[in-house]
Amino acid sequence: MMEKVTIQQVARAAGVSASTVSNLLNGRSGRMLPATRDRITEAISQLGYRPNRAARELRTGRTRTVGLIVPSVGNPFWGAFARELEHAALAEGYNVLLCNSERDPDRERRYVEELWDDGVREIVLCTSLPSLKHLAHIIEQGLRLVTFDRPTQADDPSTVVSISINNVVGGHLAASHLTSLGHQNLTFVSGSLRSVNRTGRYEGFCSAIEAAGLAVADMTLWAGADEAPFGDVEAADVGRRAAHEIFAAANPPTGVVAINDMTALGVCRGLRDLGLQVGLDVSVVGFDDIILADLYDPPLTTVRQPIDQMAQLAIAEIVSHHGLATGEPGRSVLLRPELIVRGSTAAPPVD
């Protein structure tokens, strides 16, 4: 069996002390000369040195692990984002622990507390809940929190970093696409609107209606009952039920904007149940651009979120602050979504 390379051997090969090697390995190299860092890095590579992770974690009280809390990988969007984030994290030497919160604040809090107790100090939280008060006690202890798909709110702690698309712009893109095709009777299908990103998308929908010279009051909002689920797991069923209800009423719309792609695909299924053709009788726009969107027949017009770029930004934010003291001001990164036009939308049918 090959003997394990020690930190002392690396130090001798690089011509430095073992404590200097340790400083580099633990992120304390800010005052180190570039030439010294290069010699240590080269020695580590040539000798095949692998740090003792368990010992390092005992010394520092932290792990090179990122906690990732998503609503539910039952929605392919969150599964795709988890994969992109893990890919970005592994490239920086981090592992990822995945948790599903179902957008339940108590469940989010329990996961954050458990991750903190296990030495995880950086968490990417995919939540659109309006408040982070349920996590304030952990954030105050030094948790580095990056929120995803949730723009910064006025009462957020100053250390929280937000990475999101501009949901208002996204909602506007979806609705204005339909109005530009000549649609004048639209419905916004959401399920619950009890979240920051959903209210933003609906706000953008309304702004596009007004920009087209139409009245928001003449459009339909389908949000289900007050207790309706967010639809991360039940999204397709929510959309299908919405279609059955909307198109059983008088004066049904010619165009539908759905809160996400799974809901949109459910709407499409409901329309087929009723003998209506998507893209001919009714146009449907989704949101997210999951892999199923392009595989559906007809392919789904949707608003794309650049999840690969967003995942890389989240990990870059974590890496850049690893080991630094808390109290630094947070940042808010707001990216622009992109409209992807496919076969599920067309001009409204002629009477």
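Residues numbered from 1 in each chain as written. Predicted model: local features only at pLDDT ≥ 70, side-chain atom pairs only at ≥ 80, totals over all residues. Heavy atoms only, no water.

**Q** Give me the lowdown on the sheet that holds strand S2 (residues 95-100), citing residues and values where you can.
**A** Reading across the sheet, the six strands line up as S2-S1-S3-S4-S5-S11 and stay open at both edges, with parallel pairing between neighbours. In this open sheet, the two strands that pair with only one neighbour each are S2 and strand S11 (332-335). Sheet twist, expressed as the average angle between the axes of neighbouring strands with direction ignored, equals 15°. The pairing of strand S3 (residues 122-126) with strand S4 (residues 144-148) spans five bridges and is classified as parallel. (Pairing = 2+ DSSP bridges. Helix = DSSP H or I, 4+ residues; strand = E, 2+ residues; numbered from the N terminus. Axes fitted to C-alpha atoms, helices over the stretch in contact; angles between N-to-C directions.)

**Q** Let's hear about unusual backbone geometry: which residues, and what values?
**A** Between Asp297 and Pro298 the backbone carries a cis peptide bond, its omega angle lying at 0°. On the secondary structure map, Pro298 appears in the loop between helix H12 (291-295) and strand S10 (301-304). Backbone geometry at Asp288 places phi at a positive 125°, although glycine is not the residue there. Looking at the secondary structure, you find Asp288 in strand S9 (residues 283-288). Although it is not a glycine, Asp289 sits at a positive phi angle of roughly 65°.

**Q** Before we move on, could you go through helix H5 (residues 76-91) and cite the residues and values that matter?
**A** Helix length check: H5 (16 residues) gives 23 Å between terminal C-alpha atoms against 22 Å at 1.5 Å per residue, within 8%. One or two steps after H5, the chain reaches Gly93, where phi turns positive at roughly 85°. (Expected span 1.5 Å × (residues − 1).)

**Q** Before we move on, could you go through the side chain of Glu317 and cite the residues and values that matter?
**A** With respect to the element layout, Glu317 can be found in helix H13 (residues 307-321). The class for Glu317 is buried, based on a relative accessible area of 4%. Filtering out sequence-adjacent residues up to four positions away, Glu317 remains in contact with Arg144, Val146, Val161 and Arg331. (Buried < 20%, exposed > 50% of the residue type's maximum accessible area, 1.4 Å probe, protein only. Contact = heavy atoms within 4.5 Å.)

**Q** Mind laying out the packing of aromatic side chains, listing which residues take part and the relevant values?
**A** Under the defined criterion, the tally for this structure stands at eight aromatic pairs. Both rings, one in Trp78 and one in Phe81, keep their centres 6.5 Å apart while their planes meet at 90°; by these two values the pair is edge-to-face. Separated by three residues within a single helix, Trp78 and Phe81 lie in helix H5, roughly one turn from each other. The same class applies to Trp78 as to Phe81, namely buried. (Phe/Tyr/Trp six-rings, centres within 6.5 Å; stacked < 30°, edge-to-face > 60°.)

**Q** Any details on the pattern of salt bridges? Residues and values, ideally.
**A** In this structure the tally under the stated criterion is 12 salt bridges. Glu245 is paired through a salt bridge with Arg241; the nearest N and O atoms lie 3.6 Å apart. Of this pair, Glu245 and Arg241 are both found in helix H10 (residues 235-246), four residues apart, which corresponds to roughly one turn of the helix. Across the pair Asp289 and Arg304 runs a salt bridge, and its minimum N-O distance is 2.6 Å. Of this pair, Asp289 sits in the loop between S9 and H12 while Arg304 is found in strand S10, placing the two residues 15 residues apart along the sequence. Taking relative accessible area as the criterion, Arg304 reaches 31% and is therefore assigned partly exposed. Among the charged side chains, a salt-bridge network with shared partners connects Asp289, Asp294, Arg304, Glu338 and Arg342. (Salt bridge = Lys/Arg side-chain N within 4 Å of Asp/Glu carboxyl O.)

Keep in mind these values describe shape, not function.
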